[in-house]
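For reference, the chains in residue letters:
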Amino acid sequence: MSYVLSDETHRNLLSRIPQCTGREVADWLRTVEEGPSLARCEETVTWLRGAHGLAYGHARAIVHEYHLRRAARKLQ
C-alpha cells in the first residue's frame, strides 16, 4: 500500500505530533536515527508503531521527515 502525503498534510501531522505524543519532532527524529537500521521506510514505520505505540500517520510523517532531512544533508 502506498501512502503519499501532500505537503500540507505532512506539515499538519508534524505540528500535531508533540501534542499527541508528548515528545517533540526532533526527539522522534533522533529516535529514528538511533533506532535499528531498517532497509525500507515501512519497516521503520512498523518499528515506531510497535516499539513506541505511535499511530500510523504520525509514524509515517516522522519517517518521511527523517528521510527529507537526511536527503537535504547529503546535498549540502
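Computed from a predicted model, the values in this text were never measured in an experiment.

(A) Summary view of the overall build of the protein. Within the protein, the secondary structure is distributed over 4 helices and 0 strands. Its helices and strands taken in sequence order, the protein reads α-α-α-α from the N to the C terminus. Against the compact-globule benchmark of 11 Å for 76 residues, the protein has a radius of gyration of 12 Å, which places it among compact chains. Along the three orthogonal principal directions, the C-alpha set of the protein runs to about 30 × 25 × 25 Å. Burial analysis of the protein (76 residues in total) assigns 32% to the buried set. Within the protein, contacts between residues separated by at least 24 positions form 46% of all contacts whose residues are at least 6 apart in sequence. Accessible surface, the protein: about 5100 Å² in total, of which carbon and sulfur atoms supply 49%.

(B) Examining the pattern of salt bridges more closely. All chains considered together, the criterion is met by 3 salt bridges. Residue Arg30 pairs with Asp27 through a salt bridge whose shortest N-O separation is 2.3 Å. In this pair, Arg30 and Asp27 both sit in helix α2 (residues 25-34), 3 residues apart, roughly one turn of the helix. When its relative accessible area of 44% is taken as the criterion, Arg30 is described as partly exposed. The salt bridge partner of Glu42 is Arg60, with a shortest N-O separation of 3.7 Å. Note that Glu42 is positioned in helix α3 (residues 41-52) and Arg60 in helix α4 (residues 56-75), a separation of 18 residues in sequence.

(C) Inspection of the nonpolar core at higher detail. Counting 16 residues, the largest nonpolar core has Ile17, Trp28, Leu48, Leu54 and Ile62 as the members making the most contacts within it. In terms of residues, this core owes the most to one element, α4, which gives 6 residues. Residues within four places of Ile17 in sequence aside, it is in contact with Gly22, Arg23, Val25, Trp28, His58, Ala61 and Ile62.

Conventions we followed
- Residues numbered from 1 in each chain as written.
- Predicted model: local features only at pLDDT ≥ 70, side-chain atom pairs only at ≥ 80, totals over all residues.
- Heavy atoms only, no water.
- Helix = DSSP H or I, 4+ residues; strand = E, 2+ residues; numbered from the N terminus.
- Rg over C-alpha atoms; globule rule 2.2 N^0.38 Å.
- Buried < 20%, exposed > 50% of the residue type's maximum accessible area, 1.4 Å probe, protein only.
- Contact = heavy atoms within 4.5 Å.
- Areas by Shrake-Rupley, 256 points an atom, 1.4 Å probe, with all protein chains shown as cover.
- Salt bridge = Lys/Arg side-chain N within 4 Å of Asp/Glu carboxyl O.
- Core = buried A, V, L, I, M, F, W, Y, C linked by side-chain atoms within 4.5 Å.

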